[in-house]
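Single-letter residue listing:
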Amino acid sequence: VSIRSTNTDNEALILNDEITAISERMLDTGLHPNVRKCEYSICSESSVPFISRRFPSLSNQELKKVPRIPYLGVLIEEKLTWNSHTDRVITKAKRAIGHFSRIGQGLIPRRFQKRLMLGKILPMILYCLTACYPKYQKDKLRLERLNRYVCRKITNDYQSPYCDLLRGLQMKPICQQVLHR
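A brief look at the structure comes next.

What counts and what doesn't
- Residues numbered from 1 in each chain as written.
- Predicted model: local features only at pLDDT ≥ 70, side-chain atom pairs only at ≥ 80, totals over all residues.
- Heavy atoms only, no water.
- Helix = DSSP H or I, 4+ residues; strand = E, 2+ residues; numbered from the N terminus.
- Contact = heavy atoms within 4.5 Å.
- Phe/Tyr/Trp six-rings, centres within 6.5 Å; stacked < 30°, edge-to-face > 60°.
- Lys NZ or Arg CZ within 6 Å of the ring centre and 35° of its normal.
- Patch = residues over 30% accessible without salt bridge, like charges linked within 9 Å, V, L, I, M, F, W, Y side chains within 5 Å.
- Areas by Shrake-Rupley, 256 points an atom, 1.4 Å probe, with all protein chains shown as cover.
- Salt bridge = Lys/Arg side-chain N within 4 Å of Asp/Glu carboxyl O.
- Axes fitted to C-alpha atoms, helices over the stretch in contact; angles between N-to-C directions.
- Parallel < 35°, antiparallel > 145°, perpendicular 65-115°, else oblique.
- Left-handed = near helix turned anticlockwise from the far one by under 90°.
- Core = buried A, V, L, I, M, F, W, Y, C linked by side-chain atoms within 4.5 Å.
- Buried < 20%, exposed > 50% of the residue type's maximum accessible area, 1.4 Å probe, protein only.

**Re the environment of Leu118**
Step number 1: Relative to the helices and strands, Leu118 resides in helix α3 (residues 110-126).
Step number 2: Remark: the alpha-carbon pair of Leu118 and Val150, spanning 32 residues in sequence, is separated by 8.6 Å.
Step number 3: In this structure, Leu118 is in contact with Pro123, Ile154 and Met171, ignoring residues within four places of it in sequence.

**Comments concerning the packing of aromatic side chains**
Step number 1: The final tally for this structure, using the stated rule, is 0 aromatic pairs.
Step number 2: Directly above the aromatic system of Tyr162 lies the positively charged group of Arg148, at a separation of 5.7 Å from the ring centroid.

**Observations concerning a nonpolar patch on the surface**
Step number 1: Taken together, the side chains of Tyr71, Leu72 and Tyr127 define a hydrophobic patch exposed on the protein surface, amounting to about 320 Å² of accessible area.
Step number 2: Inspection of the secondary structure assignment puts Tyr127 in the loop between α3 and α4 (129-132).

**Remarks on the packing of helix α5 (residues 137-155) against helix α6 (residues 162-169)**
Step number 1: Direction vectors running N to C along α5 and α6 enclose 60 degrees, while the axes themselves pass 10 Å from each other. Comparing their axes, α6 and α5 come out oblique. Handedness of the α5/α6 crossing: left-handed. Along its contact with α5, which presents Glu144, Asn147, Arg148, Cys151, Arg152, Ile154 and Thr155, the element α6 presents Tyr162, Leu165, Leu166 and Leu169.

**As for the nonpolar core**
Step number 1: Among the nonpolar cores identified, the biggest contains 25 residues, and Ile121, Ile125 and Cys151 are the most heavily contacted of them.
Step number 2: Sorting the residues of this core by element identifies α2 (83-104), α3, α5, α6 and α7 (174-179) as the ones contributing at least two each.
Step number 3: Those residues in contact with Ile125 that sit more than four places away from it in its chain are Val89, Ala93, Leu143, Leu146, Val150 and Ile174.
Step number 4: By size, the runner-up hydrophobic cluster in this structure holds 6 residues, among which are Ile19, Val35, Leu58 and Leu63.

**Structural notes on the pattern of salt bridges**
Step number 1: Taken as a whole and judged by the stated rule, the model has 5 salt bridges.
Step number 2: Among the salt bridges present, the one from Arg142 reaches Asp139, with a minimum N-O distance of 3.0 Å. On the criterion of helical spacing, the pair formed by Arg142 and Asp139 is a turn pair, its members being 3 residues apart in helix α5.
Step number 3: Relative accessible area serves as the criterion here: at 0%, Asp139 is assigned to the buried category.
Step number 4: A salt bridge links Asp164 to Arg167, with the shortest nitrogen-to-oxygen separation between them at 3.0 Å. In this pair, Asp164 and Arg167 are both assigned in helix α6, 3 residues apart and thus about one turn of the helix distant.
Step number 5: The class for Arg167 is exposed, based on a relative accessible area of 58%.

Printed below as a string of structure tokens:
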């Protein structure tokens, strides 16, 4: 992973030299990079895309350009909007809720279900949110809606207002949890 400002062809050459140096060090230690699995993405909040005449290469093969790259569990997009990461978090959390719901019905006491969901699902939602809290209001609302759903599943209370559920679970809304980290 190389994180740098690349807005000139000269910087693109420097990036290529860094990739070549890393590849050579890997080969010296007996590691062989799989060029078919190597990808690159140029991230920028700028509306003007960076276009270079030079493309990063490894072992004389051009690397594939992708719109998003997974890094430490976070999907980093070219425009740094975090939409894909938000989609992924919501999908993973809903899948985990479904697993707990199916497994826990009648087998696991309610208080243990609560601990399991709080210990597994909330960290999944909050992971890296301080760094990549969504840019757009619709994604923020989707995360808050997911948190509300988790609270309702934990308490098995589908009638009470969200703020009462949070108070009963001694939790804060997602937006406040992000600010206090």
